[in-house]
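Commentary on secondary and tertiary structure
Here's the letter readout for the chains.
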Amino acid sequence: MTKWFEEVANDASNIVSSRVRLSRNWEEYKFPSRLEPDEARTMIARLKQNFRDLGDRDGQFYEYEDLELMEKLDRTALRERRLLNRTLAEKTTPGGILCSEDERVSMVLNADDHIRLQVLASGLDLQECYAKADALDDYINEKIPYAFNEKYGYLTSYPTNVGTAMKACQFFGDGTAIYGNERFIVPLAELVDAVCYIFLSRSARTIDKNGHISRSYQTYIIIKLFGGVTLSFQIRVLPFVRSF
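Below: a short report on this structure. None of the values given here were measured: they were computed from a predicted structure. (Residues numbered from 1 in each chain as written. Predicted model: local features only at pLDDT ≥ 70, side-chain atom pairs only at ≥ 80, totals over all residues. Heavy atoms only, no water.)

The next thing to look at is helix α5 (residues 126-143). In this model, α5 (18 residues) spans 26 Å end to end at C-alpha, consistent with the 26 Å of a helix rising 1.5 Å per residue. Among all positions of α5, only L126, C129, A133, L136, D137, Y139 and I140 are buried. The arc that holds the buried residues of α5, viewed along the axis, is 165°, so those residues lie on one side. (Helix = DSSP H or I, 4+ residues; strand = E, 2+ residues; numbered from the N terminus. Expected span 1.5 Å × (residues − 1). Buried < 20%, exposed > 50% of the residue type's maximum accessible area, 1.4 Å probe, protein only. Arc of directions from axis to C-beta.)

Next up on the list: the packing of aromatic side chains. Tallied over the entire structure, the rule returns four aromatic pairs. Summarising the aromatic geometry, the rings of F148 and Y154 are spaced 5.0 Å apart at their centres and angled 70° between planes, so their arrangement reads as edge-to-face. By the ring-pair criterion, three or more aromatic residues cluster together here, those being Y146, F148 and Y154. The ring of Y146 carries R24 above its face, with NZ or CZ at 5.6 Å from the centroid. Of note, R24 hangs over the ring of Y154, and the distance from its end group to the ring centre comes to 3.6 Å. (Phe/Tyr/Trp six-rings, centres within 6.5 Å; stacked < 30°, edge-to-face > 60°. Lys NZ or Arg CZ within 6 Å of the ring centre and 35° of its normal.)

Below, the discussion takes up the side chain of R116. Here R116 lies in strand β5 (residues 115-122). No salt bridge is formed by the buried R116; its nearest oppositely charged neighbour, D112, is found at 6.9 Å. When near neighbours in sequence (up to four residues on either side) are disregarded, R116 contacts R21, L22, L83, L84, N85, L88, S106, M107 and V108. (Lys, Arg positive; Asp, Glu negative; His and termini not counted. Salt bridge = Lys/Arg side-chain N within 4 Å of Asp/Glu carboxyl O. Contact = heavy atoms within 4.5 Å.)

As a further point, take unusual backbone geometry. Here N110, not a glycine, exhibits a phi torsion of approximately 60°, which is positive. Here N110 shows up in the loop between β4 (105-109) and β5. Phi at A165 is positive, roughly 55°, even though this residue is not glycine. Structurally, the position occupied by A165 is in the loop between β7 (153-154) and β8 (166-172). For A165, a relative accessible area of 5% puts it in the buried group.

Okay, here's the thing in structure tokens:
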């Protein structure tokens, strides 16, 4: 089966990919950082059993991998395909990942939170990512009760994620003009009932031992919602390398 990143977008957009992530926790268990290894393994086994019919519900084939038993090289490969971040790739405590055959959908179990649901798509397709994540979120909640507070929303390990516990991200190719370009911003805003934007930008530069300079950029869009709740969206411009 073709992987999501092998698809070719039929437009001239500089957007490489779109992503929506949801963090969720099972109210029956403490946060992952507070779980003993045996408790974590028990929880992971129960989650895996609960999600055994995910493929029937979603219409895709899903494969499970035990991160605790996985070789470092294999975890690095998952990171390069954006299924794990650096922290999870280096994680040695119990964990697991359920991944669709095309790697568009993945669920990391016992990461920073009990479940980290991720949906990826090539090009500019945040609406599709969100619709898919929303449907899978309902499926998960049918299986387990979430840690949820009427006042604060979904409870997460990091206080900054409390609320919707959702992150939306677009990855841009080098040279993309972001500011003032409604084509890139509007799809983000349409995910929520937004009333204002605040833009923050950051860049990072690294030089390797061969003198190659790599620079990456991140622009954060903070969208303020009615009721004072905020969501932070990330727009990332992928690194370019220059040799001297």
